[in-house]
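Results of the structural survey
Residue strings, one per chain:
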Amino acid sequence: MDKVSEFQAHIAGCLDSLHNYTLLLVRPPDDHEDLLQESLLRAFRGFDSYDPDLPFKAWVFGIIRNTHIDRHRRRKASPLEDPLNDAQSTSMLYSPLFSIPLAPEAILLRQETIEHVREGIRRLPILMREVVEFRDIEGLSYRTIATIIDRPIGTVMSRLYRGRNLLRTYLVDPRRQDGHATRGRHEL
Amino acid sequence: MQHGDAMNCDTMKSQVFPYVDGELPTELRNEMEGHLVECEACRRVVEQEFAFREAYITQLLPDPAPPQLRDKVNQLLAGLGQPAVLARRPWYKALLYTTAAVALLAVGVTLGLRLGALIERGNVLDDVAEASVEQHQKLIRGLMPPDIAGVSPKVAEDWFRHRVDFKVSLPDLKSSNVTLVGARMSHLAHAEVAAIDYQLDSHRVSLFIMPEEAYNQLGLSEKPRFKVLKRRGFDVVIWRHQATGYTLVSEIGSRACHVCHTPDEKFGGASLESFVRL
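Conventions adopted
- Residue positions within a chain follow its written sequence, with the count starting from 1.
- All chains are assigned letters beginning at A, and all ligands numbers beginning at 1, according to the order in which they are written.
- Reporting of local features is limited, given that this is a predicted model, to residues whose pLDDT is at least 70; pairs of side-chain atoms are given and counted only at 80 or more, and all residues count toward the totals for whole chains, interfaces and linings.
- Put simply, DSSP H or I for four residues or longer makes a helix, DSSP E for two residues or longer makes a strand, and each gets a number counted from the N terminus.
- Buried means a residue has 20 or more other C-beta atoms within 10 Å of its own C-beta, exposed means 12 or fewer, and partly exposed covers the counts in between; C-beta atoms are placed from the backbone.
- Contacts here follow a simple rule: the backbone-placed C-beta atoms of the two residues must lie within 7 Å.
- Two strands pair under a simple rule: DSSP has to find at least two bridges between them.
- Here, axes are lines fitted to C-alpha atoms. For helices the fit covers the stretch in contact, and angles between N-to-C directions go from 0 to 180 degrees.
- In this description, a nonpolar core means buried residues of the types Ala, Val, Leu, Ile, Met, Phe, Trp, Tyr and Cys, linked to one another by C-beta atoms lying within 7 Å.
- Residue classes follow a fixed rule: Ala, Val, Leu, Ile, Met, Phe, Trp, Tyr, Cys and Pro count as nonpolar, while Asp, Glu, Lys and Arg count as charged, and any other residue, Gly among them, counts as polar.

What follows deals with the overall build of chain A. A tally of helices and strands in chain A yields nine helices and zero strands. Written out in order from the N terminus, the α and β elements of chain A read α-α-α-α-α-α-α-α-α. Among the 188 residues that make up chain A, the fraction classed as buried is 44%. Expressed as a percentage of contacts within chain A between residues at least 6 apart in sequence, the contacts between residues at least 24 apart total 71%.

Structural data, given as structure tokens:
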């Protein structure tokens, strides 16, 4: 199989995941399709440097992420501004409220639908949503996620922990908008 | 909870996600399972986590790509390998900056190499070194693929000429053990920079070239002219030559300079290595 065919086969196998990630990074009406296409071109140019120790889609996730940051910096006056580091994400990441472990008992009893859980994930602040989706939807390991987001594994674990707890807060109380968890019967 | 357990309920709470994810190291997992045998409350928590995973998490799938996007991507992929798709922009005649670049760099090294004891360690310098190392790592890991690859320095110069408003001068490759792996636009010191990825023997060397304005904004002192740092196991050299700033990142110390200079090149009668001590 030549390089082009091999690359095409890889992309065909994970296009849904790649599309999903661009939607996470770029909310409509911004052009997430253009981000995806630019990232795919970059990925093809760098395909010779792809290390098979990393899942292919994880490698492209990293390229999409960096392409998104590059594009953001080109457009903004402050090139060091991190487009993934929005104020909501940052404040919620460091909120002690989301270090509270929430048992899923109440959620199980409510017999939530899968779509309701998926919608809850979409509501998460971007830094939490990113790692929750990488782990719970894409099935990536902590180490692989750390490579994609270029942060230590401890950061991945922290964001995942808080993201999952915030998701459970949303599921228990769907009206909640600000994510302020409360201690109660869901606490371990 | 059983008194004397290596694992207690609080520790268990903090590790329940990694445990259910199968991410705990063996020793910690064994400790946790020992605790679960003894502690009914924690066992119930873990059972609920597994039930939650089974009921919801294992059912989650990425949102499907819409058909029209799939068509666009298929069209894009079908055109891969064709120069018009990959280049996206026309190539122009190569510019002859190489000779000037060699001369300018040689003069810069001759005049400015005073390294080791005179390293500036201000916060800005540290930040630039850290950022350079981070970008170098992304380049060599393939997380920042090159925009152009397998081209000559002259072609790379020309590619940058149409993308940046400062001069990117790349000397000819000095020997067969040096290759220009690729080049791309990147960001450093609050500015767009040219990132060039070299391979010297089996080692990767990254050269970042930034415009004068961005280098000036760093506020670095003029002396030493060549700032040499070691960060996270990488050797970083930062300097300015005339209207351009440079950072060079590698793991091979002064040998990294051989991407632009021959090993036996002399500067004022002295070897490169005699100036560059990392």
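Anyway, onward from the coordinates.
The next point concerns the overall build of chain B. Looking only at helices and strands, one finds 10 helices and nine strands in chain B. In chain B, which comprises 278 residues, the share counted as buried stands at 35%. Across chain B, every contact between residues at least 6 apart in sequence was considered, and the portion connecting residues at least 24 apart equals 66%.

The next subject is the sheet that holds strand S1 (residues 148-149) of chain B. Residues and elements named next belong to chain B. In space, the seven strands of this open sheet follow the order S1-S2-S3-S4-S7-S6-S5, with antiparallel pairing throughout. Strands with a single pairing partner mark the edges of an open sheet, and in this sheet they are S1 and strand S5 (227-231). Of the strand pairs in this sheet, strand S2 (residues 178-188) and strand S3 (residues 191-200) are connected by 10 bridges, and their pairing is antiparallel. Considered in S3, the bridge of Leu188 is made with Ala191. The sheet strands contacting helix H8 (residues 153-161) are S1, S2 and S3, and the helix crosses S2 at an angle near 15 degrees.

To continue, consider the nonpolar core. Grouped together as the largest cluster of nonpolar side chains are 89 residues, with contacts concentrated most on B:Ala194, B:Ile196, B:Leu207, B:Phe208, B:Ile209 and B:Val236. Here this core takes nine residues from helix H9 (residues 153-172) of chain A, the largest share from any one element. If near-sequence neighbours (up to four positions away) are discounted, B:Ala194 is found in contact with B:Phe160, B:Val164, B:Val168, B:Ala183, B:Met185 and B:Ile209. Counting residues in hydrophobic clusters, the runner-up holds six residues, among them B:Met12, B:Val16, B:Cys42 and B:Val45.

Moving on to the interface of chain A and chain B. Contacts between chain A and chain B engage 49 residues on the former and 41 residues on the latter. Looking at the side of chain A that touches chain B, the elements with two or more residues in it are helix H1 (3-25), helix H2 (32-45), helix H3 (56-75), helix H5 (105-110), helix H6 (114-122), helix H7 (126-137) and H9 of chain A. For the side of chain A that touches chain B, the element with the highest residue contribution is H1(A), accounting for 10 residues. A breakdown of the residues in the side of chain A that touches chain B according to their chemical character gives 27 nonpolar, 10 polar and 12 charged.

The backbone of A:Asp150 sits at a positive phi, close to 55 degrees, despite the residue not being glycine. Structurally, A:Asp150 can be placed in the loop between helix H8 (142-149) and H9. For B:Asp201, which is not a glycine, the phi torsion comes out positive at approximately 55 degrees. By secondary structure assignment, the location of B:Asp201 is in the loop between S3 and strand S4 (203-211).

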